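What the coordinates show
Take a look at the letters that make up each chain.
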Amino acid sequence: MLLSGTTTDPVAPEDEPPPRDDHAFLGHPRGLLTLSGLEVWERFSFLGMQAILVLYFVASLKEGGLGMEPGTAASLSAAYGTLVYLLSVAGGWLADRVLGSYRAVLWGGILIAVGHYAMAVPTAAMTWAGLGLISAGTGLLKPNVSAMVGKLYRTEDERRDAGFALYYMAINIGAFLGPLVTGWLGDHASWHTAFSAAAVGMTLGLVQYVAGRRHLAGRKHAAEFALAPGPMRRAVRLMAAGAAVVAVLAVALSLAGWLTIGRFADVLTVLSVVAPVVYFVVMFRSPRVSAEERGRLRPYVVLFLASVFFNFILFQAYSTMILLASTNADTSILGFTFPAGWYASALGAFEVALAPVVAAVWVRMGRNQPHASNKIAVGVILGGLSFLLMVLPTSGHGGAEYRMAAWWIVGSYLLLGLGDILVETSGLSASTKLAPKAFASQTLALWFLSLALANGIQAQTVKLYGQVSQSAYFGVNGAVAVVAGLLVIAAAPWLRRTMHPVH
């Protein structure tokens, strides 16, 4: 477990970034170690569970699963991802106005852990309850822990992009280890035993986070833009009442037979489209956003859409790609047989290996490194190529009668992993620079809404998986992503002019 050091280390002020000479963690502020350690275990739990979730959905009742059709299982998995990132909007608002970033991350982690413990109980009702708790907790944690990483650096600090790359490398240590543990337990014990391993991982992450809190900038107990006491009480009451109404309504509609899995996915898709549109309008019109800040939001829209196209591909690494691996890819190398869920670990392994290389390259290049928009564009193109690669082994085949070599899936994940490092680290770093001061955590939540939209679109398109040929499915999706990346490159001159202070 990553720990934050001894009591003799310098303590960061509550509101200011650490001193410029804070190079305690691989040349970066020591607080980066604390936040990276939290994300190691959060990703261990989240992606460990997600790597086997679609397999749990399609497994027969006799095998301890839910017996869904592959397209339905993939759509439900995407709908769950949509809900996770939609709730990041509420998480960002709560951090800015009510809880503060530190407490928002803490309570988010607690909800995630409780959700995983609920999924360890072998009943369908506890599975759905656990997924709901994990969704709410991740919405609190994800946008705010990234905002706390940004607070470790001053805006002009050129270590920022490299710091986010190291942070992302740490995240993917968890992404690598999680599927290894849960995949093995899902195959050799039970699905719910695997879910319990995810719960233990999140608990360890919380312990590490609290132990290292003194090295974090922005850890004060009050929200930075807190509501006055009266409006805060009203807001809390409204949120509690709203959550209760939604829960009761969902149960009633489900019992009445109207709220089916398909309709649930459709509703979330609509919300994933509406939410970012409304949010951009609110931010552009807010009197608390200056004209200069508003000008920086315009290129942010382009980066937002680029993230949507890339993550539409990325999240299928845990749905259609896992389904493909489970039915049509070899699960043995040199005589060693492994669970299909282990393929998801390849993505984390590549990102662990490549993130420090990318970070070192950016540091060495300094101000000569490519502009953030070009990094993101190349990442989107690599994501598209990862799907286009799958056209080769799937062409001319259908059903479960053929097997492709494991290296096809691994090669696809290599391209996808490098693309993910470029898109997410540059996107998160740019978000912290472009964010209006009054919407700091919420702008990062808006970045995560791009993930919600990607999942919302995916919740519809994955229904075609199994209905069209595999080569057509992966080929069309990959080609769309490549075109989107090329369009961002074409817009590079305008983006460079309008994204100051992003280099």
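Only a predicted model underlies this, so the values are computations on that prediction, with no experimental measurement involved.

**Describing the overall build of the chain**
The number of helices and strands found in the chain is 17 helices and 2 strands. Per-residue burial for the chain yields a buried fraction of 56% across its 503 residues. For the chain, the proportion of contacts with a sequence separation of at least 24, taken over those separated by at least 6, is 84%. Total accessible area computed for the chain in this model is approximately 19,500 Å², and 69% of it derives from carbon and sulfur atoms.

**Observations concerning helix H2 (residues 70-99)**
Its 30 residues give H2 an end-to-end C-alpha distance of 40 Å, which sits within 8% of 44 Å, the value for a rise of 1.5 Å per residue. Taking burial as the measure, the 30 residues of H2 include 24 buried ones, the bulk of the element. Of the residues one or two after H2, Gly100 is the one with positive phi, at around 85 degrees.

**As for the nonpolar core**
Counting 128 residues, the largest nonpolar core has Tyr209, Tyr343, Ile409 and Tyr413 as its most contacted members. Considering every element that reaches this core, the biggest residue donor is helix H1 (residues 31-58), with 13 residues. Not counting residues up to four positions away in its chain, the partners in contact with Tyr343 are Ile322, Ala325, Ala329, Asp330, Thr331, Phe338, Ala406, Ile409, Val410 and Tyr413. In this structure, Leu94, Ala95, Leu99 and Ala104 belong to the second largest nonpolar core, which totals 6 residues.

**A closer look at the packing of H1 against helix H4 (residues 124-150)**
Running from N to C, H1 and H4 point in directions that differ by 150 degrees, and their axes come no closer than 11 Å. Between H1 and H4, the crossing angle belongs to the class labelled roughly antiparallel. In the packing of H1 onto H4, the handedness of the crossing is left-handed. Side by side, H1 and H4 meet where Leu32, Leu35, Leu38, Glu39, Glu42, Arg43, Phe46, Met49, Leu53, Tyr56 and Phe57 of the first sit next to Thr127, Trp128, Leu131, Ile134, Thr138, Leu141, Lys142, Val145, Met148 and Val149 of the second. Broken down by class, the residue content of the contact of H1 with H4 amounts to 15 nonpolar, 2 polar and 4 charged.

**Examining the packing of aromatic side chains**
The final tally for this structure, using the stated rule, is 18 aromatic pairs. Relative to Phe304, the ring of Phe280 has its centre 5.3 Å away and its plane inclined at 85 degrees; by these criteria the two rings are edge-to-face. Of this pair, Phe280 sits in helix H8 (residues 261-285) while Phe304 sits in helix H9 (residues 291-314), placing them 24 residues apart in sequence. Each of the two residues, Phe280 as well as Phe304, counts as buried. Ring centres of Tyr473 and Phe474 lie 5.5 Å apart, and the angle between their planes is 90 degrees; on these two criteria the pair is classed as edge-to-face. Residue classification places Tyr473 among the buried residues on the basis of a relative accessible area of 5%. The class of Phe474 is buried, set by a relative accessible area of 0%. Put simply, the rings of Tyr56, Phe57, Trp128, Trp191 and Phe195 pair up and form one aromatic cluster. If you follow Lys375 out to its NZ or CZ, it ends over the ring of Trp362, 4.2 Å from the centre.

**Remarks on the packing of helix H12 (residues 372-389) against helix H16 (residues 470-490)**
Packing of H12 against H16 leaves a shortest axis separation of 7 Å and a crossing angle of 165 degrees. It follows that H12 is roughly antiparallel to H16 by the angle criterion. Considering only the axes of H12 and H16, their crossing is left-handed. The residues of H16 that touch H12, namely those facing Ser373, Asn374, Ala377, Val380, Ile381, Gly384, Leu385, Phe387 and Leu388, are Phe474, Gly475, Asn477, Gly478, Ala479, Ala481, Val482, Ala484, Gly485, Leu486, Val488 and Ile489. For the contact of H12 with H16, the residue count by class is 14 nonpolar, 7 polar and no charged.

**Details of the pattern of salt bridges**
Evaluation of the coordinates by the stated rule reveals 4 salt bridges. Two residues, Glu39 and Lys142, come together in a salt bridge whose shortest N-O distance is 3.0 Å. Residue Glu39 is located in helix H1, and its partner Lys142 is located in helix H4; the two are separated by 103 residues in the primary sequence. Given the relative accessible area of 7%, Lys142 is considered buried. The salt bridge partner of Lys463 is Asp266, with a shortest N-O separation of 3.2 Å. Residue Lys463 is located in the loop between helix H15 (440-461) and H16, and its partner Asp266 is located in helix H8; the two are separated by 197 residues in the primary sequence. By relative accessible area, which is 31% here, Asp266 ends up partly exposed.

**What about the side chain of Ser471?**
Examined against the element boundaries, Ser471 turns out to sit in helix H16. Sequence-distant contacts of Ser471, defined by excluding residues within four places in its chain, comprise Val391, Thr394 and Ser395.

**Comments concerning a nonpolar patch on the surface**
Together, Val270, Val273, Val274, Val278 and Val282 give the surface a local cluster of nonpolar side chains, amounting to about 390 Å² of exposed area. Looking at the secondary structure, you find Val270 in helix H8.

**Some points on the environment of Lys433**
For Lys433, the position within the fold is in helix H14 (residues 406-434). When the C-alpha atoms of Lys433 and Met499 are compared, they prove to be 9.1 Å apart, with 66 residues separating the residues in sequence.

**Some remarks on H1**
The end-to-end C-alpha separation of H1 is 41 Å, in line with the 40 Å expected for 28 residues at 1.5 Å each. In H1, a bend of some 35 degrees at Ile52 exceeds every other bend along the element. In terms of burial, H1 is a largely internal element, 27 of the 28 residues being buried.

**Description of the environment of Ala306**
Here Ala306 shows up in helix H9. The class of Ala306 is buried, set by a relative accessible area of 3%. If sequence neighbours within four positions are ignored, Ala306 has contacts with Ile376, Val380 and Val488.

**Let's talk about the confidence of the model for the chain**
Averaged over every residue, the pLDDT of the chain is 84; the share at 70 or more is 89%. The secondary structure element of the chain with the lowest average pLDDT is strand E1 (residues 332-333), at 79, and the one with the highest is H16, at 96. Confidence over residues 1-12 falls short of pLDDT 50; this stretch has 34 contacts with residues more than four positions distant or in other chains.

**With respect to the side chain of Ser286**
Residue placement: Ser286 occurs in the loop between H8 and H9. Setting aside residues up to four positions removed in sequence, Ser286 forms contacts with Arg294 and Phe439.

What counts, and at which threshold
Residues numbered from 1 in each chain as written. Predicted model: local features only at pLDDT ≥ 70, side-chain atom pairs only at ≥ 80, totals over all residues. Heavy atoms only, no water. Helix = DSSP H or I, 4+ residues; strand = E, 2+ residues; numbered from the N terminus. Buried < 20%, exposed > 50% of the residue type's maximum accessible area, 1.4 Å probe, protein only. Contact = heavy atoms within 4.5 Å. Areas by Shrake-Rupley, 256 points an atom, 1.4 Å probe, with all protein chains shown as cover. Expected span 1.5 Å × (residues − 1). Core = buried A, V, L, I, M, F, W, Y, C linked by side-chain atoms within 4.5 Å. Axes fitted to C-alpha atoms, helices over the stretch in contact; angles between N-to-C directions. Parallel < 35°, antiparallel > 145°, perpendicular 65-115°, else oblique. Left-handed = near helix turned anticlockwise from the far one by under 90°. Nonpolar A, V, L, I, M, F, W, Y, C, P; charged D, E, K, R; others polar. Phe/Tyr/Trp six-rings, centres within 6.5 Å; stacked < 30°, edge-to-face > 60°. Lys NZ or Arg CZ within 6 Å of the ring centre and 35° of its normal. Salt bridge = Lys/Arg side-chain N within 4 Å of Asp/Glu carboxyl O. Patch = residues over 30% accessible without salt bridge, like charges linked within 9 Å, V, L, I, M, F, W, Y side chains within 5 Å. Bend = angle between axes of the 7 residues up to and from the residue. pLDDT = per-residue confidence, 0-100.

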